[in-house]
Each structure stands twice: as C-alpha cells, then as structure tokens.
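The residues making up each chain are set out below.
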Amino acid sequence: MRLTCAFATSMDTPEHIRLAESLGYEHAWCYDSPALYPDVWVQLCRSAERTSTIGLGPGVLIPSLRHPMVTAAAIGTLVDIAGQDRVAVAVGTGFTGRFTMGQRPLKWVDVASYVTTVRALLRGDVVTWDGGRMQMMHPDGFGPSRPIEVPFLLGAAGPKGIATAKEIGAGLFLAGATPVPGFDWEPYLLPGTVLRDGEGTDSERVMRAAGHAVTVAYHFFAENNLPTELLPGFDEWAGAYDDVVDDERHLALHDLHMIDVNARDRPFVTPLHIELLGAAWTAAALRERLASLEAGGVTDIAYQPAGDIPSELEAFAAAFHR
C-alpha cells in the first residue's frame, strides 16, 4: 500500500504538500469545491513548483464546473510544470462541489462522456462538445505537445459508478465505501487522527483533527437521504438546522466542510461519535485497518488531515512506517 494524502484545498496547501513529499507521501489529492476552497488547479500548480517527486491531481474534479477544454488546458499546464508522470485526475459526480451550490450530483453517463472527451482532447483529437468542433491547438511555449497521457480515476461508491470506472478503464477513488477488488489504482480517502501516547478521544486536539471526519458522515447521509438509523443522534443533529430556510440549508450544512466542525454540528460531535465512526486510531489500530483495506483491494491510503496539518501529516506518516 502506498502512503498518499488529500487536502481540503487551502492557501497553505502547497506548503503542506511540500512537507508531505519530505515525509514520504507519494501522491497528493486536492478537493475541488470552489464555494469552499481556492481554485484547485492554481494550488496544484503552486505545489508543483515547490516539489519534485510527489504525484499531484484534483480529487475529485466536478465536470459541471469546467468546460472539457478548460480542464484539458489545466491538465496540460500542470503536466508542463510537474511532468506527465506526476499527474493524475480523479473525477466525480459532485458532493460538496455541487451541493454547496444547490445542485444535485451528476449522472454517471455524463461523467463518462466528460472524461472520454477530455482524454480525446489530451490526445490531440478533434472532438465535438455542445455542437462545436474543437481541438487543443497550443503551440510550443503555450503547453506541452500532444498526446498528453495521464491516469483518470472516478470517485465512486455505488454499483453504477464502479461499473462506469470499469467501462472507461479508470481507477477508483474511494471515500467511506467498501473496497472493490480488481482495480490497478484504488486510493482510499481516510480523514481522522492518530492518537498520541496516552491520549483519549476527549481532547480538544482530537476534536480539531478528527471532528471533520464525523460531520462529513452526517452531511453525506442528509444530502443523499440514506438510512439515518446508521448514525447515532441523527434526528437531533438534523434539528439544529430547522431554522434555516430550505433553499439555503445546504449553505449552513456545508459550512467548514472537511475543514473543521461548524457551530451547529459541534454539540453532536462527541468522543463517542469519534470512536463509533472510527476517526481516531492508535498507531497499532491504524495499521490493522490499513492491512484490512489493502486485503480488500485498496492500493493507496489517502490521508486527509485537519487542525494542525503539519503535525497530523507527521504523526500519520510515522504510524504508517512504524
């Protein structure tokens, strides 16, 4: 299993990726939610300029946010700076990237069409999109020559997304889903924290470092109308948003998503929740979990830190390599 990382993209992410490279992380993924985070491609290019070996890419990119040509040009720009062998692109239907703007996730057929089109553009093909014919025409000095070949992965969890990944020959980027055997590249997103010696889950440090791993479960279940009995205290938690008008509820719900715990969520994130949702681990428990994930087909662990991010990256890498 490879040690990789993921970030709720911030202005400090390039420096965090530089540190991650020095700690032995082999790839860094950056979230693409423009209502919450700075532009993912700008931060990836900034990261490429201060690193030399770590892989880079969006995880996951949302097709509706960018025309295929815009994405192809962004990929080409990152490839020109970082080198083709360091770039990969994960694409999804949209969780926060669409929910934060009041939209539902895309259909997998549309995601597949988008990825297929971007791949064709990167090869240098002439393609049709929205009734128009187009081609990457960048001359020397304006982008790398074609073909540009980078791996694509799909951020999928259910059978349709998994089937789509197999159909188009993409890898699988998992977040909170059961591992799927048979993929050559299958990163698994893991937010949370490694407990320090003698530390319990009731410390403020653990809350800052792992609370986001609890609230994302509530946000995901609420937005996707999943069985709420699987999460303790869900109805009480949902009641904290009763005073928000329906067409702006998503704005309150995703406040600080994957960054920290917002004020409405804070009373419902307790040591018990952190333990039940497996968001804090001893070094030994972490290694057991990683071994189980690897046995299921996971090729990379993509650790997402919060709180004191440099300290969390260091602690996780130390536990991973111990």
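Residues numbered from 1 in each chain as written. Predicted model: local features only at pLDDT ≥ 70, side-chain atom pairs only at ≥ 80, totals over all residues. Heavy atoms only, no water.

Our next topic: the overall build of the chain. Broken down by element type, the chain carries 12 helices and 13 strands. In terms of C-alpha radius of gyration, the chain reaches 19 Å, essentially the compact-globule figure of 20 Å for 322 residues. Its C-alpha atoms give the chain principal-axis dimensions of roughly 55 × 45 × 35 Å. Classification of the 322 residues of the chain by burial places 52% in the buried group. Accessible surface, the chain: about 13,900 Å² in total, of which carbon and sulfur atoms supply 53%. Of the side-chain charges in the chain, 24 are positive and 40 negative, and the distance between the mean point of each set is 4 Å. (Helix = DSSP H or I, 4+ residues; strand = E, 2+ residues; numbered from the N terminus. Rg over C-alpha atoms; globule rule 2.2 N^0.38 Å. Buried < 20%, exposed > 50% of the residue type's maximum accessible area, 1.4 Å probe, protein only. Areas by Shrake-Rupley, 256 points an atom, 1.4 Å probe, with all protein chains shown as cover. Lys, Arg positive; Asp, Glu negative; His and termini not counted. Charge placed at Lys NZ, Arg CZ, Asp CG, Glu CD.)

The full count for this structure, using the stated rule, is 12 salt bridges. Here Arg-2 makes a salt bridge to Glu-26, at a shortest N to O gap of 3.7 Å. Highlighted residues: Arg-2 in strand S1 (residues 2-7) and Glu-26 in the loop between helix H1 (13-22) and strand S2 (27-30), separated in sequence by 24 residues. A residue is classified by how much of its surface remains accessible, and Arg-2, at 28% relative accessible area, is partly exposed. A salt bridge links Arg-208 to Asp-260; the shortest N-O distance between them is 3.2 Å. Within this pair, whereas Arg-208 is found in helix H7 (residues 204-224), its partner Asp-260 is found in the loop between helix H9 (249-253) and helix H10 (271-276), the two being separated by 52 residues in sequence. When salt bridges that share partners are traced, they join Arg-196, Glu-199, Arg-205 and Glu-312 into one network. (Salt bridge = Lys/Arg side-chain N within 4 Å of Asp/Glu carboxyl O.)

This brings us to the sheet that holds strand S8 (residues 171-172). In space, the 3 strands of this open sheet follow the order S4-S7-S8, with parallel pairing throughout. In this open sheet, the two strands that pair with only one neighbour each are strand S4 (89-92) and S8. Where strand S7 (residues 152-155) and S8 come together, 2 bridges link them in parallel fashion. Opposite Leu-154, over in S8, you have Leu-172 as the bridge partner. (Pairing = 2+ DSSP bridges.)

Taken in spatial order, the 6 strands of this open sheet run S3-S2-S1-S13-S10-S9, and their pairing is parallel. What marks the edges here is a single partner per strand, and that holds for strand S3 (55-58) and strand S9 (174-175). For S9 and strand S10 (residues 187-191), the ladder comprises 2 bridges, and the chain directions are parallel. Note that in S10 the partner of Leu-174 across the bridge is Tyr-188. The strands touched by helix H11 (residues 283-296) within the sheet are S10 and strand S13 (300-304), with S10 carrying the most contacts at an inclination of about 155°. (Contact = heavy atoms within 4.5 Å. Axes fitted to C-alpha atoms, helices over the stretch in contact; angles between N-to-C directions.)

Ranked by internal contacts, the top residues of the largest apolar core, which has 71 residues, are Tyr-25 and Phe-316. When residues of this core are assigned to their parent elements, the largest contribution, 9 residues, is made by helix H5 (residues 108-123). Aside from chain neighbours lying at most four places away, what touches Tyr-25 is Leu-3, Thr-4, Cys-5, Ala-20, Ile-54, Tyr-303, Leu-313, Phe-316 and Ala-317. Of all hydrophobic cores here, the second largest spans 23 residues; its members include Ala-213, Tyr-241, Ala-252 and Ala-279. (Core = buried A, V, L, I, M, F, W, Y, C linked by side-chain atoms within 4.5 Å.)

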